[in-house]
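Examining the three-dimensional arrangement
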Amino acid sequence: MPRKRKLLAQLSALQNTSSFPQVNAVEQLNTTPGADPFPKSSKYFVTEKRNSPQLQEDFFNQPCVSLAKSFLGQILVRKLPDGRELWGRIVETEAYLGGEDEASHSRGGKQTQRNAAMFMKPGTLYVYQIYGIYFCINVSSQGEGAAVLLRSLEPLQGLEAMRELRSASRKAPSRLLKDWQLCNGPSKLCQAFGIDKAFDQRDLTQDDAIWMVPGQDPPGEQDVVATTRIGIGNRGEWAQKPLRFYLRGNRFVSVVDKKVEREMAAREHSPGS
């Protein structure tokens, strides 16, 4: 009998050491800051599962100007092939209203192979190339041929990976980029997030490599500056329309309009305001 009890005790100890640590390891993985709770190397985990809510079709399905403003404060997420995630808060956008907009790629209702994404359902990415080397990312909205350009992001997560990607895109060796320089422009943010023509026509609500999640603090109307768009050339009255929107006082914006900001400040301090 003593020998039998000893064998049972050994068996119990073996079970404790062989099975319980596996459970503890998973629990520890899920509670470790910065750890990915869904390892890519194990078939027992769902790699597509995400830890944060994702913006769905009803968010993107709104008029172009409304969507351009609503994007401010939301977060763009990019999952790299190696599993790292890049997060950036949207701080600057431009609205392109479709056929009537002389500065739009779809002006006059023109639909081509290049701009086809502008005519697809809201939430579709329109990525095009400029100067033969840089890319810009847009998101389709309500309205035939209407889309919103993402101009600048405030980097939140994965800044070192962003620096690697920006560095790889630059031909000559250069000094280390500061945080505010990583995504303060449409082509810069595409470099930092590894976005190229392969992302054209992708659906932000369905894609596994790029999506959006809600920001924590939606800006108020007084926090948003509305001014003219950048780099659209001589487009008559459309060059003067206030269709660029950015977060007031945010240092990650590409170009600030001091004149408009002074006018906003004056209105706020005027009697009766």
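Structure: above.
These lines cover the structure that appears in this document, whether it is placed above or below. This structure is a prediction, so every number in the text was calculated from the model and none was measured. (Residues numbered from 1 in each chain as written. Predicted model: local features only at pLDDT ≥ 70, side-chain atom pairs only at ≥ 80, totals over all residues. Heavy atoms only, no water.)

Summing up its helical and strand segments, the protein chain has six helices and eight strands in all. Listed N to C, the secondary structure of the protein chain is α-α-α-β-β-β-β-β-α-α-β-β-β-α in terms of helices and strands. The contacts in the protein chain between residues at least 6 apart in sequence include a share of 62% that link residues at least 24 apart. Accessible surface, the protein chain: about 15,300 Å² in total, of which carbon and sulfur atoms supply 52%. (Helix = DSSP H or I, 4+ residues; strand = E, 2+ residues; numbered from the N terminus. Contact = heavy atoms within 4.5 Å. Areas by Shrake-Rupley, 256 points an atom, 1.4 Å probe, with all protein chains shown as cover.)

Right, let's talk about the nonpolar core for a bit. Among the nonpolar cores identified, the biggest contains 50 residues, and Phe60, Phe71, Ile137, Phe193 and Met212 are the most heavily contacted of them. For Phe193, the residues in contact, after removing those within four places along its chain, are Leu76, Arg78, Leu80, Leu86, Trp87, Gly88, Leu153, Met162, Leu165 and Cys183. Formed by twelve residues, the second largest nonpolar core is a distinct cluster that contains Met118, Tyr128, Cys136 and Leu149. (Core = buried A, V, L, I, M, F, W, Y, C linked by side-chain atoms within 4.5 Å. Buried < 20%, exposed > 50% of the residue type's maximum accessible area, 1.4 Å probe, protein only.)

Before going further, it helps to spend a moment on the environment of Gln129. Note on placement: Gln129 falls in strand β3 (residues 125-130). Taking C-alpha positions, Gln129 is 8.1 Å from Asp196, a pair spaced 67 residues apart along the chain. If we skip the residues at most four places from it in the chain, Gln129 touches Arg114, Tyr134 and Phe135. Only 2.9 Å separates the side chain of Gln129 from the backbone oxygen of Gly132, close enough to count as a polar contact. (Polar contact = N/O pair within 3.5 Å; in protein donor to acceptor, adjacent residues only side chain to side chain.)

Our focus in this paragraph is the packing of aromatic side chains. Going through the model one piece at a time under the given rule, you end up with four aromatic pairs. When the centroid spacing of 5.2 Å and the interplanar angle of 40 degrees are considered together, the rings of Tyr126 and Tyr128 count as tilted. Of the two residues, Tyr126 and Tyr128, both sit in the buried class. Taken together, the ring pairs connect Phe59, Phe60 and Phe71 into an aromatic cluster. Positioned above the aromatic ring of Tyr96, the side-chain terminus of Arg229 is 4.5 Å from the ring centre. (Phe/Tyr/Trp six-rings, centres within 6.5 Å; stacked < 30°, edge-to-face > 60°. Lys NZ or Arg CZ within 6 Å of the ring centre and 35° of its normal.)

The next point concerns the pairing of strand β6 (residues 210-213). Here is the key point about a regular strand: its side chains alternate between the two faces of the sheet. Of the two faces of β6, both are covered, the one formed by Ile210 and Met212 as well as the one formed by Trp211 and Val213. The sheet contact formed by strand β1 (residues 75-79) and β6 spans four bridges and is antiparallel. Within the sheet, the bridge partner assigned to Val77 lies in β6 and is Trp211. (Pairing = 2+ DSSP bridges.)

This structure, assessed with the given rule, holds 17 salt bridges. The salt bridge involving Asp82 is made with Arg84; its shortest N-O contact spans 2.8 Å. Classification of Arg84 by relative accessible area gives partly exposed; the value is 35%. Here Glu263 ties to Lys259 by a salt bridge, and the two come within 2.8 Å at their closest N and O atoms. A residue pair is termed a helical-turn pair when its members lie 3 or 4 positions apart in one helix, as Glu263 and Lys259 do in helix α6 (residues 258-269) at four residues. Residue Glu263 is classed as partly exposed on the basis of its relative accessible area, which comes to 33%. The structure contains a network of salt bridges with shared partners spanning Glu92, Glu94, Arg151 and Arg244. (Salt bridge = Lys/Arg side-chain N within 4 Å of Asp/Glu carboxyl O.)

Turning next to the side chain of Ser187. With respect to the element layout, Ser187 can be found in helix α5 (residues 186-192). When its relative accessible area of 15% is taken as the criterion, Ser187 is described as buried. In terms of polar contacts, Ser187 uses its side chain to reach the backbone carbonyl oxygen of Phe135, at 3.4 Å. Among all residues touching Ser187, those that are not within four sequence positions of it are Ile130, Tyr134, Phe135 and Cys136.

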